[in-house]
Amino acid sequence: MTHPEKHETVAVHPLVSPWGRFGLYSFFIDAPEPAVVDTGIATSPAEGMAPAIEAIGRRIEDVRWILLTHGHIDHIGGAFALWERTGRRARVVIHEADAPLLRSRRAHVDEYLSGRGRYLTDPDGEANVSVATRAVISGEMEPHVLVRGGETLSLGGDVTVSVHAIPGHTPGSVAYSVDGQRSVFVGDAVQVHGAANGFPGYTDPAAYRSSLVRLRDEIRPHHLYLGHPYRRADGTPYGVELDAAQAHEALTQSLAAEERVTAAARSCLAAGHRETDSPYSPFAAVADAVGYTGDPTLEPSPFFTSMHGYREQSDRNA
């Protein structure tokens, strides 16, 4: 008779760092080799993480793993600064598809220009994104561990973390799952109905949907940790720590939101390219269909990010 492998239960602590009107969320996994999931921006290790970790009786200098869910600036911006705080002893982990965003500030500018920047028509857009990357990314660096999904990381003792590829929000989005307790960290891969912007953002709609289905039906989190307080259909936000029932609800609502947006986007693209005076142009029909009234120019502009993803998907299928 075989017995299921046992794992030590580890505590997870949210770490909130200030950024203007918003808080940025990282998570401390209190393992024998402590880990931090996502790193906020350049100031986050000093202003948010260090005091929060000290408050639970630990030290930021003892962090040995830096696990990045994806490459956006508000998740990798503090990676270099945190690595420096650990005496350069922590190992930085990221999916190979998003690694260029850790290696190079310029990669963020190029991403802007090739995607949402094509619709924002902001003459200062490139310059503003460039300034932002210098301000909020603490340093360019080469990751120590590149993952593709399917790996297991050992955090000391019998604590292990499984890596799952969940592309869609970005090509290199991953989930980290603490084995034995199904504590799953997904960054921004579960958008529900969007965060404060009110619209879900993803670069690859088909991959996003497939990843949501996999999370809900295969990975099945007992504890789900989100990168931001994403919102239900009625606008009320979830917290960033969800139990099993809330996780299932958030995943199901995310799929429902994606289905509505997909139907509207397909109809809009089938009708042909129509430039108008609408701030949502050339996708005004999508905003009308789903009742989106937010400001599509606010960075990171999830509306145009997702719409560009649908346009690319349509072009591939043509």
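For the structure itself, look to the data block above.
Residues numbered from 1 in each chain as written. Predicted model: local features only at pLDDT ≥ 70, side-chain atom pairs only at ≥ 80, totals over all residues. Heavy atoms only, no water.

Now for the overall build of the protein. When helices and strands are counted, the protein shows 11 helices and 12 strands. Along the first, second and third principal axes, the C-alpha set of the protein runs to 60 × 50 × 35 Å. Looking at the protein as a whole, 52% of its 318 residues qualify as buried. Pairs at least 24 residues apart make up 63% of the contacts formed inside the protein by residues separated by at least 6 positions. (Helix = DSSP H or I, 4+ residues; strand = E, 2+ residues; numbered from the N terminus. Buried < 20%, exposed > 50% of the residue type's maximum accessible area, 1.4 Å probe, protein only. Contact = heavy atoms within 4.5 Å.)

With that settled, the discussion passes to helix α7 (residues 125–136). Between its terminal C-alpha atoms α7 stretches 16 Å, which fits the 16 Å expected from 12 residues at 1.5 Å a residue. Buried within α7 we find Gly125, Val129, Thr133 and Val136. The buried side chains of α7 occupy one side of the element, clustering within an arc of 90° when seen end-on. Relative to its buried face, α7 has exposed residues pointing more than 90 degrees away, namely Arg134 and Ala135. Its buried side turned inward, α7 meets β1 (12–19), α2 (73–76) and α5 (106–114). (Expected span 1.5 Å × (residues − 1). Arc of directions from axis to C-beta.)

For the rest of this paragraph, the subject is the pairing of strand β8 (residues 160–165). Counting buried positions over the six residues of β8 gives five, a clear majority of the element. Across three bridges, the pairing between strand β7 (residues 152–154) and β8 is antiparallel. Looking across to β8, one finds that Ser154 is bridged to Thr160. In this structure, the hairpin formed by β7 and β8 is closed by a connection of five residues, where Gly156 is found at a positive phi of approximately 90°. Pairing analysis gives five bridges linking β8 to strand β9 (residues 174–178), with the strands arranged antiparallel. Opposite His164, over in β9, you have Ala175 as the bridge partner. (Pairing = 2+ DSSP bridges.)

All quantities given are derived from atomic positions and should not be read as evidence of function.
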